[in-house]
Amino acid sequence: MATTTAPTTTSVTATDPTNVIVETRNLGKIYRDFWGRKKVNALKSLDIEVRRGEIFGLLGPNGSGKSTTIKLMLGLLFPTSGRAFVFGKDATDVAKNERIGYLPEESYLYKFLNAEETLDFYGRLFDMPASVRRERAEELIQMVGLQRARRRQLKEYSKGMTRRIGLAQALINEPEFLVLDEPTTGLDPIGTREMKDLILRLREQGKTILLCSHQLADVQDVCDRVAILHQGELKELGRVDSLLKVQDVTQIHAKGLDEKTKLEIKELIARSSGEMLRMDNPTTTMEELFLDIVRESDQRPGRRGSGA
Amino acid sequence: MRLSPEQFWTYFEWLIERYALLQGFLLVLILAFVGFVVGFVIALLKHGPTEGFLQVSKLIRELFIVDLPGTSFRRIGAIARLAIKEAIRKKVLVVVAVFIVAIMFAGWYLDPQAQYPARLYISFVLTTTNYMVILLGLFLSCFSLPSDIKSKIIYTIVTKPVRPTELFLGRVLGFTAVGTMILLLLGAMSYQFVVRGVDHRHEAMGISSDGRTGETSIQHAHSHTFTLDESGEGYTNETKGHKHIVTKVGDKIVVGDSIGDLEARVPIYGSLRFTGRDGEENAGLNVGYMSEYQKYIEGDSLSSAIWTFKGVRPESFDTELTYDMTISAFRTYKGDIVTPVGGVVVFRSMDGSVVSERFPFKVKEFQVDQKSIPLTDLKGFRNEQPAELDFFKDIAPDGKFEVMIRCQDRSQYLGMASADFYFRARPMPFWWNFVKGYISIWLQMVIVICFGVMFSTFLSGPVAIIATVSIIVLGFFGFFIDDIVKGTNEGGGPIEACIRIPLQSGSGTELDLGNVALEKSIKFIDKSILISVQTLSQAIPNFIQLGTADFVAYGVNLFGGLLSRHLTICFGYFLLTGIISYFFLKTREMAA
């Protein structure tokens, strides 16, 4: 299994218009009731760009306008003000959908179809010939690991399996731009890791990804740039590494130091008028611990791990 | 069953001469105008006048420039296949099971003593199938799209390059395919039910000493009497709408299968005009409230009823020209009450140079009087000289001729309407008429599906059902508007009616406001409103007119022209609902 790697910097020229996949200009959305009265101002004057080849994260608490932004970009909603462009075309233009893949926050699929039928159906919607559909469906079923469940109706699927077939349908047309709304929802830690690895692989293949998630760790792991929304307003926009960098704190990772050396380091910091905040042994993450246990269990079934 | 003249118009007569095409064109214009105005007002409120106008124009432009050319048959096929799979996996075939149960127990509620059992059986299966299939179409079409929107599955559909045209076409085709499949099953079962239900054999019994007459055993709650000719062949009398061939085989008399109950008579109708006692054309006489349907001719005068027939071909007949009459009489004096009023029938060429001899008849009130004349060696006159005539060579060389009926009794009157005289061509097979009856049901189902899908593009499932049912019910009252426009329903249009009410002016009187110009203006505005409303009412399907079960049940061949008209009407509704659906789908926020 591939492991998650830190986000790499991609060579994107921000000023080059051909490299801009999504652009919103003063994008706003007001939800109204039946009588046209204002219910909620879901999005206010959003100006963002998603550039070719990057993983762009949309972050924010519930009701911050993330889903509204995605729906406006996909033409599922119409803006109250401003405009959204995808591949330089208006977001309501159906033709843009040829190059887009979309995984909604829940896998909204026909439960009476099985995996093969689902992929065949969505392949037909892209006007793909039968041979291409078959080939692509086979490839995707292998990729998302649903070989054994390919003939089972989706109503019999677990939430994780439904997520995976949802992702497969989003990739059926080999999209250039992929919109993933909460892609790791419902997945176990292994599934989550696999999903993140897959997202990174897709970026390596040159795809542009817009990711919307509550899982801050996921966003941190995979995104190149993020936009943070709150109450419909853009609060922060920039590269993940620069946004997360704490400028006035220095972190040193060293191995094999004895107690004397550690003491000397502390004295050196004190002499330099610095403040020693913490010096201890690092802990691994729960995700890493869990994955190590599962890996060991896979290799040596029946034995209790020695993790503790 | 009484046919109305419009039922036997030919297709092109209906389309061109009776202005169906023009009405359709007007309807499109009015709806387009109304649609544009409504769309513009909504866009104006949302975006202001300039942007609103541009939005509406863009929408119309995209239909013709982007979405129609970009429509893909593969995508339509995908959505249609999905609709079929959905219907099957959601166990829609339960409709067939319900139908099987209905016909299994049909014997409990179909009266075996009925005068025309075949008619009863056919009516039962056609009506049951009709209702079931329409209900099926209603539920399939009204719930599918709202269900996709509610479950948000539509998100994964409309974010693919799917056009609104494809969403509509795919769903309509899919549901139509499901309905067709079920209709085929129900049709096959119904046919078996009818054929097996009326099939019966009698045994000959009570044979007279000379072996020429007798009666049959009782089967299906009836028996027949029969008479054989010298060659040992004959027919039974007609009971319960059928008779049997009877043949003598050796010493035994065999009663054959029933004939006449499952048939498809092919009537050939003509157009009727009248002449008065002076021989000049008129509209026929009205003898009071005897019949609104028939007009009358005066006896022992030049007053006559003249039918003009077109397209009558020799290959439609055997050796005789068979015709049916349903003529009624109006007596101004009783006279010899036992002897019916008499008349004559004359066949003549269009230019009147060749005329057949007179064929006298006595009126058989409330019955179909079946008669025939020979096709060859027909006595008559050519250029007023006695001659032996060949019907199709001398009288109807190009299939056109006239039939004239006159009343012979002084001061008595004969009444008739267009459909009261027709020729009976060689009958068509019953099964084909049965199939045509089912095609008619199929067309009704398609119309319901089109309306169901259209309403489901902007309404929730239950509301879409109510809207579709309302359209069907409203269609039943389309005749009311027709009656007002034609003047059959007196009292004028809406403005005139509003003036009459406070003035307490009777609807049967002329509107009198003391100002002719004002009266004319009111009538002119009313007429314009009524014609617009009448045209708009054409947008609502009239399921009474579209129903043809009576044709099959009464054994009358369903005219190709009538079926073609219904097909055209169905196609018109398909286009209409398709265009409306397009605009609703295009302007709807799927995630709102």
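Just so it is clear, the structure is predicted and the values come from calculations on it, not from any experiment.

Criteria and cut-off values
Residues numbered from 1 in each chain as written. Chains lettered and ligands numbered in written order. Predicted model: local features only at pLDDT ≥ 70, side-chain atom pairs only at ≥ 80, totals over all residues. Helix = DSSP H or I, 4+ residues; strand = E, 2+ residues; numbered from the N terminus. Contact = placed C-beta atoms within 7 Å. Buried ≥ 20, exposed ≤ 12 C-beta atoms within 10 Å, placed from the backbone. Expected span 1.5 Å × (residues − 1). Nonpolar A, V, L, I, M, F, W, Y, C, P; charged D, E, K, R; others polar. Pairing = 2+ DSSP bridges. Axes fitted to C-alpha atoms, helices over the stretch in contact; angles between N-to-C directions. Core = buried A, V, L, I, M, F, W, Y, C linked by C-beta atoms within 7 Å. Left-handed = near helix turned anticlockwise from the far one by under 90°. pLDDT = per-residue confidence, 0-100.

What follows concerns the overall build of chain B. Looking only at helices and strands, chain B features 18 helices and 22 strands. Taken along its principal axes, the extent of the C-alpha atoms in chain B is 90 × 75 × 50 Å. Of the contacts made within chain B by residues no fewer than 6 positions apart, 71% connect residues no fewer than 24 positions apart.

Before going further, it helps to examine the overall build of chain A. The secondary structure content of chain A amounts to 9 helices and 11 strands. Dimensions of chain A, computed from C-alpha atoms along their principal axes, come out at roughly 70 × 55 × 40 Å. Counting only residues that meet the buried cut, chain A has 38% of its 308 residues in that class. Once local pairs closer than 6 in sequence are excluded, the contacts in chain A between residues at least 24 apart make up 65%.

As a further point, take helix H18 (residues 560–587) of chain B. All names here are of chain B. Taking 1.5 Å per residue as the helical rise, H18 with its 28 residues ought to reach 40 Å, and the 41 Å between its terminal C-alpha atoms agrees with that figure. All buried positions along H18 are accounted for by Leu562, Arg565, His566, Ile569, Cys570, Tyr573, Thr577, Ile580, Ser581, Tyr582 and Leu585. Buried-residue contacts for H18 involve helix H1 (11–17), helix H3 (49–70), helix H9 (164–198), helix H11 (430–456) and helix H16 (543–546).

Interface size is often expressed as the accessible area that is lost when the parts come together. In this complex, chain B contributes 24 residues to the contact, which on the side of chain A involves 24 residues. Among the elements of the structure, helix H4 (73–89) and helix H8 (154–158) of chain B are those that each provide at least two residues to the side of chain B that touches chain A. The element contributing the most residues to the side of chain B that touches chain A is H4 of chain B, with 8 residues. Across the side of chain B that touches chain A, the residue classes break down as 10 nonpolar, 5 polar and 9 charged.

So, on to the sheet that holds strand S12 (residues 320–325) of chain B. Residues and elements named next belong to chain B. The strand order across the open sheet formed by 4 strands is S7-S22-S12-S17, and the pairing between neighbours is antiparallel. Edge positions in the sheet fall to strand S7 (264–269) and strand S17 (369–374), since each of these pairs with one other strand and no more. Strand-to-strand twist in this sheet, taken as the mean axis angle between neighbours without regard to direction, amounts to 40°. Pairing between S12 and S17: 6 bridges, direction antiparallel. In the sheet register, Glu320 faces S17, and the bridge partner there is Pro374.

With that settled, the discussion passes to the nonpolar core. Core analysis: the biggest nonpolar cluster contains 142 residues, and Ile165, Ala168 and Leu211 of chain A together with Tyr121, Met445 and Cys450 of chain B have the highest contact counts within it. In this structure Ala168 of chain A touches Leu119, Leu140, Ile141 and Val144 of chain A, once residues within four positions along its chain are discounted. The next biggest cluster of nonpolar side chains, apart from the first, holds 35 residues, and it includes Ile297, Leu389, Ile405 and Leu414 of chain B.

Our focus in this paragraph is the packing of helix H3 (residues 130–144) of chain A against helix H4 (residues 159–171) of chain A. Any two packed helices are characterised by how steeply their axes cross, that is the angle between the axes, and by the distance between the axes. Residue and element names in this part refer to chain A. In the contact formed by H3 and H4, the axes pass within 9 Å of each other and the chain directions differ by 145°. The hand of the H3/H4 crossing is right-handed. On the side of H3, the interface is formed by Leu140, Ile141 and Val144, while H4 contributes Arg164, Ile165, Leu167, Ala168 and Leu171. Classifying every residue of the contact of H3 with H4 by side-chain character gives 7 nonpolar, no polar and 1 charged.

Moving on, we come to the environment of Leu27 of chain B. Structurally, Leu27 of chain B can be placed in helix H2 (residues 20–47). Those residues in contact with Leu27 of chain B that lie beyond four places of it in its chain are Thr535, Gln538 and Ala539 of chain B.

This paragraph deals with the pairing of strand S8 (residues 271–275) of chain B. Residues and elements named next belong to chain B. Alignment of S8 against strand S11 (residues 304–309), held across 5 bridges, turns out to be antiparallel. Bridging across to S11, Phe274 finds its partner in Ala305. Bridging between S8 and strand S9 (residues 281–282) involves 2 bridges; their strand directions are antiparallel. When the sheet's bridge partners are listed, Thr275 is paired in S9 with Glu281.

Chain-level pLDDT for chain A is 85 on average; 92% of the residues reach the 70-or-more range. Here residues 1–15 of chain A is modelled with pLDDT under 50, and outside its nearest four sequence neighbours on either side it reaches 21 contacts, counting other chains as well.

Strands in a sheet are paired, the pairing made by backbone hydrogen bonds, and the direction either parallel or antiparallel. All names here are of chain B. If you trace the 3 strands from one edge of the open sheet to the other, you get S10-S21-S13, paired in antiparallel fashion. In the strand order of this sheet, the two ends are held by strand S10 (295–298) and strand S13 (328–331), each with one partner. For this sheet, the mean angle separating the axes of adjacent strands, direction not counted, is 30°.

Turning our attention to the environment of Val287 of chain B. All names here are of chain B. In this fold, Val287 is placed in the loop between S9 and S10. Looking at Val287, the number of C-beta atoms within 10 Å reads 15, which means it is partly exposed. Taking C-alpha positions, Val287 is 7.8 Å from Phe330, a pair spaced 43 residues apart along the chain. Other than its neighbours up to four places away in sequence, Val287 contacts Tyr296, Phe330 and Tyr413.

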